[in-house]
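Coordinates in review
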Amino acid sequence: MNEENKISVVINTYNAEQHLEQVLQAVDGFDEVLICDMESTDGTLDIARRHGCKIVTFPKANHKSAEPARTFAIQSAANKWVLVVDADEIVTPELRGYLYQRISEPNCPEGLYIARRNKFIGAYGKDWAHDYQLRFFIREGTEWPPYVHTFPIVRGRTERAPSRFFFLHLADETFRHWITKMNEYTDNEVDKKAARGYDVGALIWRPLWRFFQNYILKGGFRNGRRGLLQSLQWAIYQQILVSKIIEKRLREKA
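Note that the coordinates shown come from a computational prediction; the quantities given were computed from them, not determined experimentally. (Residues numbered from 1 in each chain as written. Predicted model: local features only at pLDDT ≥ 70, side-chain atom pairs only at ≥ 80, totals over all residues. Heavy atoms only, no water.)

**Some points on helix H6 (residues 202-217)**
Listed as buried for H6 are Ala202, Arg206, Pro207, Arg210 and Asn214. End-on, the buried residues of H6 take up no more than an arc of 115°, which puts them together on one face. Residues Ile204 and Leu208 are exposed on H6 and point more than 90 degrees away from its buried face. Against helix H5 (175-193) and helix H7 (224-253) lie the buried residues of H6. Looking one or two residues past H6, Gly219 carries a phi angle of roughly 80°, positive in sign. (Buried < 20%, exposed > 50% of the residue type's maximum accessible area, 1.4 Å probe, protein only. Helix = DSSP H or I, 4+ residues; strand = E, 2+ residues; numbered from the N terminus. Arc of directions from axis to C-beta. Contact = heavy atoms within 4.5 Å.)

In structure tokens form, the structure reads like this:
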């Protein structure tokens, strides 16, 4: 194969054994599979070794998410093209075929947003095509900001892949898990968004906007009670985030 048309799959892990076997089976056949592990204490690395993955380590330290390790992981890959896959996501055969076809074409962009089909309360939602992630790009020059819910900075043009080519997101968390993650993720976002000057008004308009965005614009209403609950969760997330930003500013002035 032409060296220009090789793809490295990059997976960031920390205690990710739950779905990793299935995830690695789905990426078998790519030119390289690289695991960037943050000092897992479960069976993650044993699974990775069984599948012949290249393994690099990034110190866990006090990091709450994978984002601080993303750039290191990407730049540790051997090939020109990188596909970032979370440790609970499945690359469908159709998506794999599309990516190899796309990079062989002369008008291929430097980055592709890929649809992700999410599971919530035991079922995949009808709005999956609206959840696009920038996960496929050229390795050279790409950097990923060290904050949760950010996209990589890619040097060049980006496009959306057709929605029929997608990731399957296996995670089906309970509300207990979601609340824990919401607290961790908002902690991680405070420094990133503290300079935006959110005040008391943002406690109202940001949750309302996020609910409208998810329930109406992204079609959450089509998922019945699941869509309503999920949209409310994202509204609450914004309220918690803005509250923590205001708290940070008040403490600094005290």
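Next comes the rest of the description.
**Examining the nonpolar core**
With 50 residues, the main nonpolar core has Ile7, Ile11, Leu24, Leu83, Leu99 and Phe136 as its most contacted residues. If near-sequence neighbours (up to four positions away) are discounted, Leu99 is found in contact with Ile7, Leu83, Leu112, Ile114 and Phe136. The next biggest cluster of nonpolar side chains, apart from the first, holds twelve residues, and it includes Val148, Trp178, Tyr198 and Ala202. (Core = buried A, V, L, I, M, F, W, Y, C linked by side-chain atoms within 4.5 Å.)

**Let's talk about the pattern of salt bridges**
By the definition in use, this model includes 17 salt bridges. As a salt-bridge pair, Asp86 and Arg70 come within 3.0 Å of each other at their nearest N and O atoms. Of this pair, Asp86 sits in the loop between strand S4 (81-84) and strand S5 (89-91) while Arg70 is found in helix H3 (residues 67-75), placing the two residues 16 residues apart along the sequence. Of the two residues, Asp86 and Arg70, neither departs from the other in class, the shared state being buried. With its nearest N and O atoms 2.3 Å apart, the salt bridge here joins Arg157 to Glu159. Overall, the relative accessible area of 38% leaves Arg157 in the partly exposed class. According to the relative accessible area criterion, Glu159 is partly exposed, its value standing at 27%. (Salt bridge = Lys/Arg side-chain N within 4 Å of Asp/Glu carboxyl O.)

Without other data, these values stay purely geometric and don't point to any function.
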